Amino acid sequence: MTSTPTTDDVWLVVPLFNEETVIADVVRDARRTFPHVVVVDDGSSDRGADAAAAAGAMVVRHPVNLGQGAALQTGFEYARSVPSMRWVVTFDADGQHQVSDVLEMLELARSQDLQVVFGSRFLDDRTTPSLMKRVILRLAVGYTNVTTGTKLTDAHNGLRVMRREVVEGIDITQNRMAHASELVAQIGEMKVRYAESPVHILYTDYSKSKGQSLWNSVNILVELMFR
Amino acid sequence: MNAVIVIQVLLIAVVVLVVARLFRSRGARAQAIRRIGLVVFAAFAAVSILFPDVWTRIAHRLGVGRGTDLVLYALVVAFLSFTVTTYLRFRDLETNYTRLARRIALSEAPRPTDRDGDTPSA
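First things first, this report covers the structure right here in the doc. Since this is a predicted model, take the numbers as computed values, not measurements.

**Comments concerning the interface of chain A and chain B**
In this assembly, 21 residues from chain A lie in contact with 17 residues from chain B. When residues of the side of chain A that touches chain B are assigned to their parent elements, the largest contribution, four residues, is made by helix 3 (residues 68-80) of chain A. Considered class by class, the residues forming the side of chain A that touches chain B number 11 nonpolar, six polar and four charged.

So this is what it looks like as structure tokens:
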């Protein structure tokens, strides 16, 4: 068992949708540091859920595809049922996130008594999104900051660390892409102590080929306006 | 000129009101208003079959040139409100559906304690 006292109360929540090729490696790599990984399979049509289970994750399977926001909420509710859970980390299934970044975020949260730590691509220059992606992400975070009263540099980053009481207060109803802004909004309303921590997002060829189309920003905006 | 402004103001006001109302209300009252609207619409449809020029007369009173134009405007408003209502109803439906699916997923998932003391396969 690779667990150490400092990571035993941490639960990684990994929404999974058709990532069969990478999920096993992502879970194995994460479990070297974090013993508790819950993978929420969002009705994938491939065998990624089995791969995740074989790699040692607890797998919760949506019977149908509901969307990433719904998968996150399911993961939160699963983690909430564990009495010893103190931290929840949202972590992407496609291998873009680094375990070392999570450790730094947890360290920051524990040392400064923070309840939420958001990952941000824009606090250092390790991550190099394309110009177009950069513009869109900046606009998105600008919109989120204006509407939620938070001050973030990167609101659509899938890497977040949240303390138990925050996870208990979260109720994501935006099933699709607008969930990131909704999460920020709900955290903003809770008036918790939060900070951002620099993270490195790996834009591999694989993640680029699966990457969200920029058209999605239009969809996000509509979903937020009509909530 | 004045008459044109009347219909313009009226139409814009109706569009804004319908949209605003439908955004905010989902309860019994909104449903009742929709149903009354539907009954009025049906009654009016019957009347306009019997008296085809009724639309033109109303149109003139409102400052619209032809009865068909007025029907078109009414249709636009009706379609818009239908779209918004349908969107909201689907969203509510989706929320319920999500809760149901999540409940199934969680109750079928292995309990977190199941793996305790287990050696991970990785």
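**Here we look at helix 5 (residues 131-148) of chain A**
All names here are of chain A. Over its 18 residues, helix 5 runs 25 Å from end to end, which matches the ideal 26 Å to within 8%, given 1.5 Å per residue. Among all positions of helix 5, only L137, A140, V141 and T144 are buried. Viewed end-on, helix 5 has its buried residues packed into an arc of 95°, placing them on one side of the element. Seen from the open side of helix 5, the exposed residues pointing more than 90 degrees away from its buried face are L131, M132, L139, G142 and V146.

**Considering the pairing of strand 6 (residues 160-163) of chain A**
All names here are of chain A. Where burial is concerned, the two faces of strand 6 agree: the one with R160 and M162 and the one with V161 and R163 are both buried. Of the strand pairs in this sheet, strand 4 (residues 87-90) and strand 6 are connected by four bridges, and their pairing is antiparallel. Counterpart to W87 in the pairing with strand 6 is R163. Bridge count for strand 5 (residues 116-120) against strand 6 is three bridges, and the pairing is antiparallel. Following the sheet pairing, V116 is matched in strand 6 by M162.

**Some details on the packing of helix 3 of chain A against helix 4 (residues 67-108) of chain B**
At their nearest, the axes of helix 3 of chain A and helix 4 of chain B sit 10 Å apart, and the two run at 45° to each other. Put simply, helix 3 of chain A runs oblique to helix 4 of chain B. Between helix 3 of chain A and helix 4 of chain B lies a crossing of right-handed hand. Contacts between helix 3 of chain A and helix 4 of chain B involve A70, T74, E77 and Y78 of chain A from the first element and T98, R102, A105 and L106 of chain B from the second. Tallied by class, residues from the contact of helix 3 of chain A with helix 4 of chain B come to four nonpolar, two polar and two charged.

**Comments concerning unusual backbone geometry**
All names here are of chain A. Phi angles above zero are rare outside glycine, and D113 is one such case at about 55°. Within the element layout of this structure, D113 appears in the loop between helix 4 (99-111) and strand 5. Take D113: there are 8 C-beta atoms within 10 Å of it, and that puts it in the exposed class. Not every positive phi belongs to a glycine, and K191 is a case in point at roughly 55°. Along the chain, K191 turns up in the loop between helix 7 (179-189) and strand 7 (194-198).

**A look at the environment of L139 of chain A**
Here L139 of chain A shows up in helix 5. A sequence separation of 15 residues divides L139 of chain A from D154 of chain A, and the C-alpha atoms of the two residues are 9.8 Å apart.

**Points about the sheet that holds strand 1 (residues 10-16) of chain A**
All names here are of chain A. Read across the open sheet, the seven strands follow the order 3-2-1-4-6-5-7; overall the sheet is mixed. This sheet does not close on itself; its edge strands, each paired only once, are strand 3 (58-61) and strand 7. Each neighbouring strand pair of the sheet contributes to a mean axis angle of 20°, computed without reference to strand direction. In this structure, strand 1 lies alongside strand 2 (residues 36-41), joined through six bridges in parallel fashion. Paired with L12 across the two strands is V37, which belongs to strand 2.

The rules behind each value
Residues numbered from 1 in each chain as written. Chains lettered and ligands numbered in written order. Predicted model: local features only at pLDDT ≥ 70, side-chain atom pairs only at ≥ 80, totals over all residues. Contact = placed C-beta atoms within 7 Å. Helix = DSSP H or I, 4+ residues; strand = E, 2+ residues; numbered from the N terminus. Nonpolar A, V, L, I, M, F, W, Y, C, P; charged D, E, K, R; others polar. Expected span 1.5 Å × (residues − 1). Buried ≥ 20, exposed ≤ 12 C-beta atoms within 10 Å, placed from the backbone. Arc of directions from axis to C-beta. Pairing = 2+ DSSP bridges. Axes fitted to C-alpha atoms, helices over the stretch in contact; angles between N-to-C directions. Parallel < 35°, antiparallel > 145°, perpendicular 65-115°, else oblique. Left-handed = near helix turned anticlockwise from the far one by under 90°.

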